[in-house]
Amino acid sequence: VGSAAMEATNPCSLWIEERVMAVLKQHKPDKYRKMASGEDTAAPLLKFLKEEDCAAIYFQDGAKDMSCYSFPPAGNKKKLVCMLKPRSAKYVKPEEMDGIIMFDLSPKLLESMHATLEGVFLPIMSNPKNQQGWSEMMAREVLENCHKTISASYVALGQSMGQTLLPQPPANMLVADRASKDKDRVHVLETAVVTWTNQIKAVLKTDPEGVLKGGGNPGPMKGVEFWVEKAGNLERIMQQLEGSNIRKVMKVLEMTKSPYFTAFSSLVTEVRAAQAEAADNVKFLNPLVPYFKDLRGLDDFDEVPKLFPPIMHLLLMVWKHSKYYNTPPCMAVLICEICNDVIDQSQNHINSATLFEDDPPEAIARLDKALRVCAELKSVYYEYNMKASTECPDNPWKFQNTALFARLDAFLERCYDLLDLIKTVTHFNRLERVDIGGNKGHELTTYVADVYRNFLAELNKWKTCGYDILDISEAKFASDFSSFSQAIKRLEQILGGILNMGFDDCSTITSAFKLIDSFADLLERDFIQSDLESKHVALIKQYGNELKEVQELFNNNKSRSNVGKHFERDGPPVYTNMPPVSGALSWVQGLIFRMEAPMKSLRVVMDIMHDSDEAKDVSRMHESISSVLKAFEAEMFNKWATTVDETLNEKLTLPLLTKDEATNEVAVNFDPKLIKLLNEVKYFVIQKKDVPEVANSLYQKAELFRVQTGNLELMRGNYNWMLQNLLDVEKPLLKAQMKTIDQVLTRGLDKLKWKSPESEKSAFVDEVMELVREAHGILVSLKSNMKGVEAVLKKWSDNPLLVRRAAKTYMPDVFMEEHGQQLDVRYKEITDGGKEIHNLLLESNQVLKVSKGAPAWRSYVEFINNMFIDGVSATIIASLKFVLSLIDPAAIAASENPPLLEVKLELQDNSPLEVSFSPPLDVVVVKRRDSIKAEGKAADAKSITGYVTRWISDFYNIVKLVKRLDRQEGDFVKEMEDDETVRYYVHRIMCEVEASAQACHELCTPFVAHKGLWLKDIKTSLQAWLEESAVAVPHGDGTEALSAAAEGERAPAPSDFPNLIQFDERILHYKAVEEAIRAMPPQSFQGWLKVDARPVKNALATWAGKWSLAHTDHLKNFISNRLTSLEKFCAEVDAGLAETPEDHDAKALIDAMTHVRNVRMKQDSFDTMFDPLKSTITLLKKHNIVMSDTVLEELEQAPFKWENTKKTTLNAREVLGPLQSLQQEKVKEEVEEFKEKIVGFVAKFKAEAPFQYATGLDAAYKLLDEWNLALDDIETEAKRLTSEMELFEVQVINFREIAECRKSLKFLKIVWDHVQLVQEIFTSYKNTLWARVDTDMMIDETKKLQKEIKGLPRQAVKWDVYQGLTTAMSEMAIDLPLIQDLRDDAMRERHWQKLMATCGKSFILDDKLQLESLLLLELHRFQDGVSEVVEQARAEIKLEAQLKKIAHTWSGLGLEYAPFKNTGVQILQQPPEVYEALDDNEVALQNMMGNRFMGFFETQITD
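This structure is a prediction, so every number in the text was calculated from the model and none was measured.

Draft legend 1. Structural view of the pattern of salt bridges. A full pass over the atoms with the stated rule returns 43 salt bridges. Put simply, aspartate 798 and lysine 794 hold a salt bridge, and the shortest N to O gap is 3.4 Å. With aspartate 798 and lysine 794 both in helix 29 (residues 758-798), this residue pair falls four residues apart, about one helical turn. Assessed through its relative accessible area of 47%, aspartate 798 is described here as partly exposed.

Below is the structure:
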């Protein structure tokens, strides 16, 4: 076998690929090749090709990949393509594979088989042509067998779907007339009826008890599902019985009086009744379904009992109201199924798999809970059984409880057995740690270990039993449990013998008690108790003897000590060197201990033998002796306590120190009257007696009191100074020290009295002295460093950051330079000061030895940081105040200082020119690259506001010179911006700056009033004024006028000469403006600013002079241009008419006639221009403008030159008269010929121009270019003829046909441009992916195009190209709204299929779908069908939403029960939300039923 990658290109593999892809209708061969190339995925394919015994291969197409198998995959739900070898073979060449059988396998084989039998085989068998050569009997038998096979497959298909499908007889058997006359046909029908009867009776015989007997211990949900399935099955049977085919069968049987008719009719009646019963049962069981589901699926076992009351209540309701389900068999089956689910839940909770692995107490708890839950079920059942007897006296619950709870009782018995087993495990587990002492201890311990090993062996049998110990059907459990019980009995008997031997070996009662402690709970087991009963009695008697001995000792020695054993005295015995009272109490406490210690161990035996007389006597004796001893002890101690001196007791209870509640200051509280305590105190403390405090003074000495009080006084002074000087922010830093001091002082204030032990007092004094000394030193260092910080900050704020060294007015640049130099010095000072502050803070941290991340230190740093901020703020405020004193008008007036800065008022080129200050008053960011700061911000704004802003920024920048104290990064910018005082002074400064700027801007008003001088372009404005005043503006040298004459245009009239009066007024106006500007003041003082206005005055005066000069220059140029134009015109005419043209020289004749015409048209203009020119020269002289001598001389000679030219023209006209007449005739002949040419041109244009839409864009534009060139040629010829007609004084013809053709061609071009635009837009639409289609935009754009097309010339409306364009637009206008509807989210696959069927075309609905596919459907032809599909989709999505809403509503509703008034019976409440939902949803469902689009959801709605 070769590699899979090579086999993918194997010819045989390609042969299979071609056929498989064709059958699967797959257009992506990559999927097959990917499969055939994989080592794992291609293995079945290689096996099929290379191995002879591999007879088949199956292919399956998935969403992403294709798969192949050697055997049909289990659980397949997709179509398979199968290839079957006709015989064993290997395949090397495709030619060898022609015999392969290829077919597809449906995932629903039975459906496919039935459809094939009925749709393929039956028609083939029934075709008479295929029956040729058959006998009639053979044909009948074949068809009969075929029908039987089809019926059998139909029945099997129904069974596979859980339905009863009644096989239908052949259609030709159902004709009543023919069937009644044909016995064979009647026999076939009767056979069908028999089959139906058997099928129906099989369904009718099913009952719920069969579900229970079917095994598997089904729950109640299985019972409900049984009735649901039976109801559905019967309903489908009735639908089939009421169908037309079966009715026809019955009609035939009735007509033939078949005996099956009556029997089957009765059966139909039974089915109808059974259907009613099943439907009624389903209706009454439905309310129980949620509880049954919870009973089966609850994870919390504690919640299971809560389900029992509602389930039983609903069962009682069903029993009372159901017509069919109120029978004992039905109810008994359901309760048994409920018990099954409860048993399953209990088994899951107990978890038999871990029962012996878990701790025994945990296992016992689980078993107890399971027993309680099962018992609760029976309890609730019996409760409702009693209710049923009361509420349904005619039909009570008469069930056999033993049969009803047989399985549950068996489970309970199993749980009790397991509970006993686990308790046994708990008892025997104690043997693992038993160790018996005594002479035979080792031997007995070995015996116990053997017992424990035997027990573990028995227990291991349960762990490896091989079955579920909670399975009550497991019969082996009983024998195993019996064997285990017998084994445990034997082990208990062995343990009883071991304990007997142990008690016999005990020499003392104490050792016996230890033996009892070792076995504890095991002693309570029955077989052990019976063996040890005699030992228990002996042990109790022995303890009774011990109590009698204690009593005798106490009675004999309580008044006088025994001689020889104790110190002989009156009273109880006293041990050597002990005081009398405390020593006597020690003797009594020893007796009590001797009595109580054995009793603790004997308690288990006493509990076991509590009914015996010996145990009762010993208990009474113990209580009596114990009370006597305790009473004697209390009496002796109380008698001693009354002897203590009360006065001394009062002094001894005083504390070492006292505290003033108001100031918390401490004082030494020493009283010299204290005395020593009694010797008894030490022993009473040991005995934990409540000794009076005064007794402790016995241990104090006077010298120690003196030393202690002296040290305490030193401590008091330092401590009280700390309290008086400690700041709130310093308290957390010294909190630990102060807390420690206070804790220690608390001992001196509260706990330590002068009666306290000397060691405690000395330790207290030494400790508190050291703690106070250390804390005092830390606080002194903190105070010193804080003063250093304050000194640095004060030094900063004493001197402002801005300095005015001299009382003079500065140029801004000079002042800023001096400020920068001084600022560098101050910045260094502040930088150094910041470092000093950081060092002081670091020194404080080192003194405190506290972490820098500690909250207390961070709070202290924040406090110092706030001091730092306040100091920086004070420095900035001091500088801001100084700046305010420099710019505040009131402060300036009080100081009599000159303005601080000087600015110039200039006319600057800021595109356009404007009056502005230098430097500007407002911020102007300089755009030079070298003026950008390193940090990327704009350079210093060179303006007055910018300078002030820079001063303020310089003040603010000091926060960047020092590091914050509270964190590593950052500065104080935010704090300074939020500082109200800083913001106030900044606001005041900026207000003063703004006020000064406003006053300075007001100075600009007189100058800005003349802004027209520089804002308007002189040449453009002069031209506009001349046009408004109807003033002629000469261009060039006058040749334009001559050209106009040559073209037949009218020459300028005399009225076009300059209006000299208006020119005079304008010139005088600008001279007056210039004088007014020069009269304005040169400088002004605005508070702290001095304004120099001389630059702007000079600039404006210059501009006014330019305007005046522009007007005079215009007049000068006008004169020169006129004279030059006249001179050139005369010279050209004289030269052109100097020679007479020949008779046949047409060109010379035309040139000569052109000159004659030009002179005729210019005559009026030139005749009247000489006097106005002289007046203009006079006006210029008035304004001191003198023309050159050359111009004046030309003006003198000009009239004479013009007269000579007119004479020359007159003479030439007389000579050219005969030639002119001849030329007129020629021109007329050419015009007639041209008219005929135009007629042919127009006809051809109308016939061949692209007026048809079918021409196409490319051909249309080509034709348009060709006709444009043709029109250019004919228009040029027409223009030439028109010019000749004008020259030779022939009547001029306009040739309107040519103009019409030109107009039509232009309109055609416009229409075809729109065609191209529309096609390009529509093409872009078509190429748009379906997911990205924006129909709103397309519709809007289409409407705009339609509107634009409607605005095309009216002449184009009748053209076919226009009509084709409008048709395409109309279709798109219809298609797009339909496409917009189809983009509705409600559209599903079924709707798209319906759309394709409606339009008769199909497409693939995937991610690559383009709009073109939808447009190809020609939706405009199927508007109603498309709208119907969209309407259906929208209606169905609404139905779907309503159904989901209804389902969601009911999933959140519940039924509640409450006791009835007097009876207390739980009845169903009527919650308004349930009834409201029921009414609303019922109406909604009825409306859905009336919806014509409900088909897809009909099943969901009706169910």
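Draft legend 2. Geometry of the packing of helix 46 (residues 1296-1326) against helix 47 (residues 1335-1350). In contact at an axis separation of 12 Å, helix 46 and helix 47 are set at 170° when each is read in the N-to-C sense. It follows from the interaxial angle that helix 46 and helix 47 lie roughly antiparallel. Residue-level inspection shows His1314, Leu1317, Val1318, Ile1321, Phe1322 and Tyr1325 of helix 46 in contact with helix 47, the latter providing Met1338, Glu1341, Thr1342, Leu1345, Glu1348 and Ile1349. Partitioned by chemical class, the residues of the contact of helix 46 with helix 47 number eight nonpolar, two polar and two charged.

Draft legend 3. Region of interest: the pairing of strand 3 (residues 80-84). Across the five residues that make up strand 3, a large majority, four, are buried. Where strand 1 (residues 56-61) lies against strand 3, four bridges are found, and the strand directions are antiparallel. Across the sheet, the residue bridging to alanine 56 is leucine 84, located in strand 3. Where strand 3 lies against strand 4 (residues 101-105), five bridges are found, and the strand directions are antiparallel. Opposite leucine 84, over in strand 4, you have isoleucine 101 as the bridge partner.

Draft legend 4. Focus on the side chain of asparagine 340. Note on placement: asparagine 340 falls in helix 15 (residues 328-350). If we ignore the near neighbours within four places in the chain, the residues touching asparagine 340 are Leu212, Asn217, Pro218 and Arg407.

Draft legend 5. Focus on the sheet that holds strand 4. Ordered by their spatial adjacency, four strands build an open sheet running 2-1-3-4, and the pairing between neighbours is antiparallel. Looking at which strands have only one partner, the edges of the open sheet turn out to be strand 2 (66-69) and strand 4. Neighbour-to-neighbour, the strand axes of the sheet open up by a mean angle of 20°, direction not taken into account. Those strands touched by helix 2 (residues 11-23) are strand 1, strand 2, strand 3 and strand 4, and its axis lies near 140° from that of strand 3. In the packing of helix 4 (residues 43-50) onto the sheet, contacts are made with strand 1, strand 2 and strand 3, and the angle to strand 1 comes to roughly 150°.

Procedures and definitions
- Residue numbering note: each chain is counted from 1, following its sequence as written.
- Totals for whole chains, interfaces and linings use every residue, but because this is a predicted model, local features are given only for residues with pLDDT of at least 70 and side-chain atom pairs only at 80 or more, for both listing and counting.
- Computation of side-chain values covers all heavy atoms of the structure but excludes hydrogens and water.
- A carboxyl oxygen of Asp or Glu within 4 Å of a side-chain nitrogen of Lys or Arg is what we treat as a salt bridge.
- For helices the rule is a DSSP run of H or I covering at least 4 residues; for strands it is a run of E covering at least 2, with both sets numbered from the N terminus onward.
- Exposure classes here rest on a 1.4 Å probe applied to the protein chains alone. A residue is buried below 20% of its type maximum, exposed above 50%, and partly exposed in between.
- Think of each axis as a best-fit line through the C-alpha atoms, taken over the contacting stretch in the case of a helix, with angles from 0 to 180 degrees between the N-to-C directions.
- Orientation labels follow simple angle bins: below 35 degrees gives roughly parallel, above 145 gives roughly antiparallel, 65 to 115 gives roughly perpendicular, and whatever is left gives oblique.
- In this description, contact between two residues means that some pair of their heavy atoms is separated by no more than 4.5 Å.
- Side-chain classes follow a simple rule in which Ala, Val, Leu, Ile, Met, Phe, Trp, Tyr, Cys and Pro form the nonpolar group, Asp, Glu, Lys and Arg form the charged group, and the remainder, Gly included, forms the polar group.
- Strands are labelled as partners when DSSP assigns at least two bridges between them.

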